Amino acid sequence: MRLRKAAVSAGLTILAVGGLSTAAQAATPQIGGSSKFGPGPGWTLVDNYASRFECVDAGQQYEREGWKYICWDQAFTTQLWIK
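Residues numbered from 1 in each chain as written. Predicted model: local features only at pLDDT ≥ 70, side-chain atom pairs only at ≥ 80, totals over all residues. Heavy atoms only, no water.

(A) Molecular detail of the sheet that holds strand β1 (residues 44-49). Overall, antiparallel pairing links the 3 strands, which are arranged β1-β3-β2 in an open sheet. The sheet terminates laterally at β1 and β2 (69-73), the two strands that pair on one side only. The mean angle between the axes of side-by-side strands here comes to 25°, regardless of whether they run parallel or antiparallel. In terms of strand pairing, β1 meets strand β3 (residues 78-82) through 5 bridges, oriented antiparallel. Residue pairing in the sheet places N48 in a bridge with Q79 of β3. (Pairing = 2+ DSSP bridges. Helix = DSSP H or I, 4+ residues; strand = E, 2+ residues; numbered from the N terminus. Axes fitted to C-alpha atoms, helices over the stretch in contact; angles between N-to-C directions.)

(B) Examining helix α2 (residues 52-64) more closely. With 13 residues, α2 should cover 18 Å at 1.5 Å per step; its first-to-last C-alpha distance of 18 Å lies within 8% of that length. Listed in full, the buried residues belonging to α2 are C55, A58 and G59. Viewed end-on, α2 has its buried residues packed into an arc of 105°, placing them on one side of the element. With respect to the buried face of α2, the exposed residues turned more than 90 degrees away are F53 and R64. Each element contacted by the buried residues of α2 is listed here: β1, β2 and β3. Within two residues after α2, G66 carries a phi angle of roughly 100°, on the positive side. (Expected span 1.5 Å × (residues − 1). Buried < 20%, exposed > 50% of the residue type's maximum accessible area, 1.4 Å probe, protein only. Arc of directions from axis to C-beta. Contact = heavy atoms within 4.5 Å.)

(C) Geometry of the confidence of the model for the chain. Counting all residues, the mean pLDDT for the chain is 75, and 57% of those residues have values of 70 or more. Ignoring residues within four places in sequence, the model shows residues 20-32, a span with pLDDT below 50, making 9 contacts including any to other chains. (pLDDT = per-residue confidence, 0-100.)

(D) Highlighting the pattern of salt bridges. In total, this model carries 1 salt bridge according to the counting rule given. Note that D73 is salt-bridged to R52, the shortest N-O span being 3.2 Å. Of this pair, D73 sits in strand β2 while R52 is found in helix α2, placing the two residues 21 residues apart along the sequence. Here D73 falls in the partly exposed class, since its relative accessible area comes to 47%. (Salt bridge = Lys/Arg side-chain N within 4 Å of Asp/Glu carboxyl O.)

Pasting the structure below:
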């Protein structure tokens, strides 16, 4: 009984700490100032991708050519923005 109570207590503690760290990560600002329409001034929309993996793959190609890139998650797509 004590072991079960200790395990439940430890599990709840881990969930509480994990929840706090997620909120802190979500509060970090995006590069260039963010809005619901895009990452901000100076960024150019390149294309929409079905998955984040495809967006990152395409963005790395732009990065090799000297551009900065952001994969901006939308409801059903991920947008690639470059600067």
